[in-house]
Amino acid sequence: MRARDRWACVGVGALALAATATRALRIHDDTRWSAERGRWVPQLDRTGDAAGGYAGSDACRACHPDAWSSWHGSYHRTMTQHATADSVLAQWSGALPGGVTLRWQGPRPEVVREGGDGPAVVEPVVMTTGSHHMQIYWTPDPATGALRAFEFAWLVRQGRFVPNAATLLRPDGDDAVYTWNRICIRCHAVDGNPGWREGAGRVRSEVAELGIACEACHGPAAAHAEHHRDPWRRYLAAGTVPSDVVQPRTLAPDRASQVCAQCHAITEFDDEQSWLGHGAVHAAGEPIADWGRLLRHPVRADEGDGAAIDGLLGREPSFFADRFWSDGMVRVTGREYNALVESPCNGGGALSCLSCHALHDGSRDDQLRIGMDGDGACSQCHDGAMYATSTHTHHVQGGAGSGCMDCHMPRTAWGLLGAIRSHQVDSPDAAIADATGRPLACNLCHLDRSSAWSAAWLRRWRGEEAPLPMDEGGDATRGLLAAEAGVRALWAWHLGFGPAVATGGAPDQIAALVLALGDPYPAVREVAWQSLLRRWPDAAHTVALPRGTIPDETTAARLRTELAAAMPAAALDPATIARWIAERDPTPVSLAE
């Protein structure tokens with residue numbers, strides 16, 4: 001794993017362990033050879049009562065059954081699990097490319113690799129990461145005990161394996177071998193301490209509990225649990241003793257948001273040695289300044305941050321380009337706190353993550369509170385009746401494009417093979433879109449129109465004279481083939497997004513998606529394929545992708561012939577196609593989700 005992966009989680013992992021009440025979990029000599037099983041199996045040692053003051057989520061259940069139940073049903077809990085029949089979502093059998101066979105013998109799944117002239121190599125899968133969009137599988141390295149990602153990921157909704165390299169937006173052939181112990185452990189487990197040092201031999205990683213459990217947000221609770229085991233203190237003296245655990249909803253708005261920002265922010269740990277596992281780790285309720293530094297783009301950073309930024313860029317020159325648009329807006333998912341603090345709505349000090357999200361009474365999909373999936377989120381502070389009128393929205397009231405988020409929180413962030421709403425609240429600005437390459441919110445719905453067309457309407461609404469340009473075709477088709485790779489991915493996703501297709505869908509977009517199956521970036525090819533199947537389901541009957549593969553130029557060539565016969569109106573001018581591909585922005589993109 002390269003240097004940049006030290007600074008931001010790649011969206012995978014946590015240890016295959018389980019915590020018990022008042023016990024912390026230690027991974028010591030993480031694997032050993034089992035003669036009776038003839039394979040490597042994890043070696044787990046529990047050490048230390050109430051180590052770090054953590055009790056484990058089971059200790060919370062008796063007194064807080066409703067909160068425990070709502071957390072237990074969340075994707076936070078299932079972020080990291082033992083690899084068992086209950087947790088593994090993939091169809092774990094059969095062959096995958098590269099001489100890999102999947103089998104299930106005994107308590108856990110296994111990866112069997114052809115051994116060439118020697119015997120086959122058997123690797124146990126001891127842990128899973130993810131259960132919502134995709135699932136990653138981890139096997140121990142026999143030499144160090146570190147957990148390495150299996151090279152294929154399972155796409156949950158699509159029900160198929162794809163190479164790990166196709167799940168992140170990086171150039172073809174880029175490093176896709178992830179080590180969980182280096183950085184993933186810190187956010188995908190409670191009190192995760194990597195215990196990692198490059199070349200130091202066996203890994204000694206520690207966690208208090210797998211997954212994102214109660215104490216990830218409420219802090220160490222062993223003393224709290226012990227105190228309230230006494231019935232008198234629990235029932236008769238309830239409310240007379242100040243809470244000794246973190247209650248995010250009682251904190252000031254920014255402090256409450258920083259509970260989420262432990263993981264949902266772009267940060268640099270203050271002491272790299274601590275980050276490597278040789279010192280204390282942060283806990284819920286601690287402000288970021290106590291354990292690290294919030295990293296803002298240089299165009300937005302404070303004047304005193306210059307030295308830190310210079311040092312960071314010296315270690316990793318592409319750090320900001322991998323995470324931000326050039327104007328400082330976050331472009332990767334999972335880092336919403338950075339976007340929140342840059343939003344004008346944050347200026348009053350009352351806005352927090354909890355204004356819209358709630359783990360215990362929010363939706364399972366994205367933890368949104370009831371009524372926060374539309375204009376209700378904004379009308380908490382703004383006059384909903386006034387801003388809902390067509391005088392403000394310039395769209396039919398209640399119709400497509402009239403929602404606050406359509407314009408002010410468009411899907412311009414990327415992660416998990418999809419476009420995600422930006423959490424930096426702003427307004428459409430054609431000049432900024434042109435300068436940064438970030439798609440203009442208007443065109444993410446009006447797929448069949450150009451940004452020049454949208455810019456003319458924006459000027460008209462401001463009272464300026466602005467004649468509409470001649471129809472130049474949509475930004476979506478051109479951007480899908482000619483833009484920078486991260487922008488190509490955004491267009492590929494939006495071209496399969498139902499509301500956008502309903503507003504600005506056109507046959508030539510299907511032809512553009514077919515061409516995108518030959519894109520040099522695996523993630524763009526995969527997303528284009530998913531969008532194509534939504535627009536043209538018969539494509540799946542024309543081309544059956546081999547298990548564990550994604551589309552390529554051969555797939556595109558076969559579908560071009562079929563498309564010409566099935567949908568003649570979808571044709572694109574060959575000269576235009578050649579020009580767009582010749583103009584393609586070659587800037588390397590490696591988004592650090």
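Residues numbered from 1 in each chain as written. Predicted model: local features only at pLDDT ≥ 70, side-chain atom pairs only at ≥ 80, totals over all residues. Heavy atoms only, no water.

1. Some points on the packing of helix α17 (residues 485–494) against helix α20 (residues 522–535)
It is the contact of α17 with α20, at a shortest axis distance of 8 Å, that shows an interaxial angle of 15°. Judged by the inter-axis angle, α17 sits roughly parallel to α20. Once α17 is placed against α20, the crossing between them reads as left-handed. Of α20, the residues touching α17 (which contributes Ala485, Arg488, Ala489, Ala492 and Trp493) are Val524, Val527, Ala528 and Ser531. A breakdown of the residues in the contact of α17 with α20 according to their chemical character gives seven nonpolar, one polar and one charged. (Axes fitted to C-alpha atoms, helices over the stretch in contact; angles between N-to-C directions. Helix = DSSP H or I, 4+ residues; strand = E, 2+ residues; numbered from the N terminus. Parallel < 35°, antiparallel > 145°, perpendicular 65-115°, else oblique. Left-handed = near helix turned anticlockwise from the far one by under 90°. Contact = heavy atoms within 4.5 Å. Nonpolar A, V, L, I, M, F, W, Y, C, P; charged D, E, K, R; others polar.)

2. Some points on the environment of threonine 542
Locating threonine 542 in the fold gives a position in helix α21 (residues 539–542). Setting aside chain neighbours within four positions, we find threonine 542 in contact with Arg558, Leu559 and Glu562.

3. Overview of the sheet that holds strand β6 (residues 108–113)
By way of backbone hydrogen bonds, the strands of a sheet pair with one another, either parallel or antiparallel. Pairing is antiparallel across the open sheet formed by four strands, whose spatial order is β4-β5-β6-β7. Looking at the sheet topology across the chains shown, the edges are occupied by β4 (94–96) and β7 (121–124). On average, adjacent strands in this sheet sit at an angle of 30° to one another, irrespective of strand direction. (Pairing = 2+ DSSP bridges.)

4. Section: the nonpolar core
Formed by 64 residues in total, the largest nonpolar core has its most connected members in Leu169, Trp414, Leu480, Leu532, Trp536 and Leu559. At the level of elements, α9 (306–315), α16 (475–482), α17, α19 (507–516), α20, α22 (553–566) and α23 (574–582) are the ones that each hand at least two residues to this core. When residues no more than four places from it in sequence are discounted, the contact partners of leucine 532 are Ile510, Leu513, Val514, Leu517, Pro537, Ala539 and Leu559. Core analysis: the next-biggest nonpolar cluster, separate from the first, contains 16 residues, Ala149, Cys184, Ile185 and Ala189 among them. (Core = buried A, V, L, I, M, F, W, Y, C linked by side-chain atoms within 4.5 Å. Buried < 20%, exposed > 50% of the residue type's maximum accessible area, 1.4 Å probe, protein only.)

5. Overview of the pairing of strand β12 (residues 160–163)
Regular strands have side chains that alternate between both faces of the sheet. Here strand β11 (residues 152–155) runs beside β12; their pairing, made up of four bridges, is antiparallel. Its bridge partner being in β12, tryptophan 154 is matched across the sheet by phenylalanine 161. Between the end of β11 and the start of β12, which pair antiparallel, lie four residues, with glycine 159 showing a positive phi angle near 65°.

6. With respect to the confidence of the model for the chain
On average, residues of the chain carry a pLDDT of 86, and 87% of them reach 70 or more. Note on residues 1–50: pLDDT under 50 across the span, and 172 contacts to partners over four residues away in sequence or across chains. The low-confidence segment residues 270–280, where pLDDT is below 50, has 25 contacts with residues more than four positions distant or belonging to other chains. (pLDDT = per-residue confidence, 0-100.)

7. Section: the packing of aromatic side chains
As enumerated under the stated definition, the model contains 11 aromatic pairs in all. Between the aromatic rings of phenylalanine 319 and phenylalanine 320, the centroid separation amounts to 5.2 Å while the plane-to-plane angle is 80°, which identifies the pairing as edge-to-face. Both residues of the pair, phenylalanine 319 and phenylalanine 320, count as buried. Among the aromatic side chains, those forming a connected cluster through ring pairs are Trp92, Tyr137, Phe150, Phe152, Trp154 and Phe161. Lying across the ring of tryptophan 68, arginine 61 places its NZ or CZ 4.0 Å from the centre. Across from the ring centre of tryptophan 457, 5.0 Å away, lies the NZ or CZ of arginine 460, which sits over that ring. (Phe/Tyr/Trp six-rings, centres within 6.5 Å; stacked < 30°, edge-to-face > 60°. Lys NZ or Arg CZ within 6 Å of the ring centre and 35° of its normal.)

8. Considerations on α22
Its 14 residues give α22 an end-to-end C-alpha distance of 20 Å, which sits within 8% of 20 Å, the value for a rise of 1.5 Å per residue. Where α22 is concerned, the buried positions are Thr555, Ala556, Leu559 and Leu563. As for α22, its buried residues are in contact with α19, α20 and α21. (Expected span 1.5 Å × (residues − 1).)

9. Thoughts on the pattern of salt bridges
What the rule picks out here adds up to 21 salt bridges. Between arginine 478 and glutamate 583 there is a salt bridge, with the nearest N and O atoms lying 3.0 Å from each other. Here arginine 478, found in helix α16, pairs with glutamate 583, found in the segment after α23; they are 105 residues apart in sequence, far enough to count as distant. For arginine 478, a relative accessible area of 38% translates into the label partly exposed. Glutamate 553 is paired through a salt bridge with arginine 560; the nearest N and O atoms lie 3.1 Å apart. A relative accessible area of 41% places glutamate 553 in the partly exposed class. (Salt bridge = Lys/Arg side-chain N within 4 Å of Asp/Glu carboxyl O.)

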